[in-house]
Structures are given as structure tokens and as C-alpha cells.
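Next come the chains, spelled out residue by residue.
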Amino acid sequence: MSTKMWAGRFSKEVDDRVNDFNSSVSFDARMYRHDIQGSVAHATMLGECGIIDKSESDAIIGGLNGILADLDSGKLSIDPDAEDIHMFVEAELTRRLGDTGKRLHTARSRNDQVALDIRMYLRDEIKEIVSYVEQLIRTLVKLAENNLETIMPGYTHMQRAQPVTFAHHLMAYAQMLLRDKSRLEDTYKRMNVMPLGSGALASTTYPIDRQRVCDLLGFDEISQNSLDGVSDRDFCIELAGAVSILMMHLSRFSEEIILWCSWEFKFIELDDAFATGSSIMPQKKNPDVTELIRGKTSRVYGDLNTLLTMMKGTPLAYNKDMQEDKPAIFDAVDTVKLCLKTFIPMLDTMKVLPENMRSAAAKGFINATDCADYLVKKGLPFRDAYKITGSLVAVCIEKSLTLEELPLSEYKKLCETFEQDVYEAIDLKNCVMLRNVPGGPAPEQVKKQIAYTRKKLDENN
Ligand code: ARG
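Below, the structure is looked at part by part.

## A word on helix α6 (residues 110-145)
No. 1: An ideal rise of 1.5 Å per residue puts 52 Å on 36 residues; α6 measures up with 52 Å between its terminal C-alpha atoms.
No. 2: For α6, the tally of buried residues reaches 27 of 36 residues, placing the bulk of the element in the interior.
No. 3: Of the residues that open α6, the one with a side-chain oxygen 2.9 Å from the backbone nitrogen of Asn111 is Ser109.

Dropping the structure here:
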């Protein structure tokens, strides 16, 4: 006799290879808490609606809680040969309660059960990821507050362009992360819909109370269509999408950190605890953490692609293809958590080297726009001012001087309008101070940006 719960219509044992191939317990075992919570809610409702006896419902709830406690404490371990976590819990319940345990699955299918479990599991994951994102933003805010006047070159095309501050640069990432947080919260909202009661695909003939299960499990609403309820995996794709964008941001930031700790930049130095050495080159201190984040980003993109591709050809409703949702989405959330957990303290402990940023800013003529603007403010058309400044830069390059070092006489050779006050206009600190419009790098504006960011963080906490 087959040991399978669904063995009734089969005359042969399942081939061992099919058994192994079919089993998802190696990766869905991690949902055991959510599976049991969902079953407790289901059993409660079945008892309340008179679909099973109240006494049986109570026994099932007691049995499930016992299994949960034993799994949590390690007294009970999950059978690696089980078909999946749902079958394992049910079989264990029946082992403990006998016939009563067999009543749990009334008015339910594994199809709506698994749809419920993943949503419950991922809700918790989203909360955790959001809390890491918030921690990261707070770390950035703290760093920014300490570097409001730390002048550094801003870049376009990886060429020094105009002066900004380190605070302003960091706060750009804080804005990206605020959007990540909002994307994750948005995903949560659409995920927080209760599918149980969809049955295998066409709901059930039992007089169930879906709203009761919804309330017991803290969902916002019940799903509206049973076919969709069992076969929707949009929320996995959305989460993988939100997490991919978040990883893309972390990866861009990582790339900058890798550059900044090179000898060519030396804008920052990583703490020894967050860098690694080389097995052959004794002088090396490598930014492995950031390189790994850059590398792991591709992995999360792969997970997103897996989910999109897995779903594109599946007809309604449930298909076993969908079992592949879990390795992909679990990998995506595990990876992003791992990255955030390491990135935050790495950032928090790194040493900022303001003098190096300042001396990089002194080179590259990043005040050339300000020099042109000086002439514009004295009445010249911008295009003429632009041309004159271009010629001044050429003179400086020829003489190996910066605009600050070039004597006034040279300025006057190209344009009589230049006076002594040009040096004030091209002073890097003034260049930053004068960019005093909302969204600009002037410390006064960055302080406002920080206040805005803090407010956004506190809004839904
Ligand atoms: N382990 C399955 C999954 O992850 C559970 C649902 C199985 N349903 C079925 N009809 N075989 O998707």
C-alpha cells in the first residue's frame, strides 16, 4: 500500500526518482510557522461554522500548536522525504490525533493553502527588508549630517563636473532608498489579500467563512476569484522587482565605494573589519563586500527573470510549475537581506577623508560654470561667457594652474570684465553655498533634505 495521502486511485508506488523530483520540502520547510498559523485559522473557522465539531476543531488547534512548539524547539524535525511542508504537517497531525487530524483538510486544497502560506511568509520578509532599508537610510542621514560642508567633485560621464558635498551625494542614495521602501510597502498591500477558500481552483461547496479566516490572519481583504486566488504569483514577481531595483541601487553605491577606496580616489577608507586581504599581495586591502553586492545583484535579477518566465505560459489555474516560485523568491529575499545586513555596518564604520575629496575638487576645473556665471551676472550673454571661460581653462591647462591660481592679468587678457571678485565667485565653498535652491547641495538645502527624509521615515512608523 502506498503511503501517499492521495494514493487511492493509484495501483503502483511512485518511482523514487519522481518522488525526489516532485518534493519541495527541502525549500518550503521554512514556511512551517506560516503553514501552521494558516491551518489553525482554517480549523478555527471550520469549528465555528459547524463544518467540523467544535471539539475536533479544538483538538486540531491543540495538535497544531504542539507541532509548532516541537518544531521550534527542535524536538520534532521535518522529514526530508515528505512531499512538501503542507503534507508533512498534516501527516504529523494525523499521527498525533488519529482520525481527527484527517479532518483538517476539509474545504481546503494545497493549492489555496500554498498560496496563503507564501503570502504570509513574504509579508514578514517585506517587513524585515523594510526595517533594514530604514536603518540604511538613517545611517546615510547620520553620515550626511557630519559632512554637510565636505566638498567633493560631482561627476557626469565619470568626469569631474561641478562641486557638491559628500552629504549631498549620500542623500541622493537616501532618496533612492525611500522609493525602495515605498515600493516594498506597496507590494505588501497587494500581497495582503487572503486566498484560502479558493480550494483547488473552484472554491468549495462547504459553507465556509472566508472573512473570518482573513481577519484571524490579519489580511486586508479576501481574494475575489478562486481561479486567480490559487494561480496568482504577481506578488512574488512584484517583490522580486522591488528587490531587484533595491539591489541595483546598492550595486551602484557599491561601485562608487569601490572607486572611492582605490588609491586613485582615496575618498574613504573601509574599516579593517569590513575589508579583506590578498593571499599573495601583502599591501592589498580589498573592498570584497561591495564587490559581492555588485555580483549578487545579478543573481537577484536572475530570480526576477525566473519568476516572470515561469509564469508566462501557465494556463489557469494552478500548475506544478508554480512550485518553482519559492526557490526564486526565497533566494531574492535572502540575498537582499544578507547584502543589507553587511552593507549597513560597513558604511557606518568607514572613514571619510575630506581632505582628499577637497583636493580632488580643486582639480578638474569644476568651478568653470561658476566662472562663466560670474560674467553673466556682470551682463555678458551666457554663450560668450562660456566661450571665454573655455579659453581660460585652456590657458590654465597650458600653464598647469587651477582657475584659482591663474593671475587676474591673464583673466583680463581674455575679458576686461574680470575683476578681483572673480576669485570669490570661483571659490569652491562659495560655489556650493550659492547652489541654494531646493534640491541643491548648499548645506542649508541638504539640511532640509535630511529633515524631509526623516519625516518620510517616521510617517508610517
Ligand atoms: N508544493 C506545492 C507548491 O509549492 C504545493 C501545492 C501542490 N498542489 C498540487 N496540486 N500538487 O506549489
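## Here we look at the packing of helix α3 (residues 32-48) against helix α5 (residues 85-97)
No. 1: The geometry of α3 relative to α5 is characterised by a closest axis approach of 10 Å and an angle of 60 degrees between their N-to-C directions. As judged from the angle between their axes, α3 and α5 are oblique. As for how α3 packs across α5, the hand of that crossing is right-handed. Contact residues: α3 offers Tyr32, Asp35 and Ile36, while α5 offers Ile85, His86 and Val89.

## A word on the site of the ligand
No. 1: Inspection of the region around the ligand gives Ser24, Asp28, Asp84, His86, Arg110, Asn111, Val114, Tyr318, Lys320, Gln323 and Lys326 as its neighbouring residues.
No. 2: Note that a nitrogen atom of the ligand is positioned 3.1 Å from one of the side-chain N or O atoms of Ser24.
No. 3: Lys326 has a polar side-chain atom sitting 2.6 Å from an oxygen atom of the ligand.
No. 4: Contact with the protein chains hides 86% of the accessible area of the ligand, taken as 340 Å² for the molecule alone.
No. 5: Ranked by the residues each element gives to the shell around the ligand, the list is headed by α6, at 3 residues.
No. 6: Among the residues forming the shell around the ligand, the class breakdown is 2 nonpolar, 4 polar and 5 charged.

About the criteria used
Residues numbered from 1 in each chain as written. Predicted model: local features only at pLDDT ≥ 70, side-chain atom pairs only at ≥ 80, totals over all residues. Heavy atoms only, no water. Helix = DSSP H or I, 4+ residues; strand = E, 2+ residues; numbered from the N terminus. Expected span 1.5 Å × (residues − 1). Buried < 20%, exposed > 50% of the residue type's maximum accessible area, 1.4 Å probe, protein only. Polar contact = N/O pair within 3.5 Å; in protein donor to acceptor, adjacent residues only side chain to side chain. Axes fitted to C-alpha atoms, helices over the stretch in contact; angles between N-to-C directions. Parallel < 35°, antiparallel > 145°, perpendicular 65-115°, else oblique. Left-handed = near helix turned anticlockwise from the far one by under 90°. Contact = heavy atoms within 4.5 Å. Near = heavy atom within 4 Å. Areas by Shrake-Rupley, 256 points an atom, 1.4 Å probe, with all protein chains shown as cover. Nonpolar A, V, L, I, M, F, W, Y, C, P; charged D, E, K, R; others polar.

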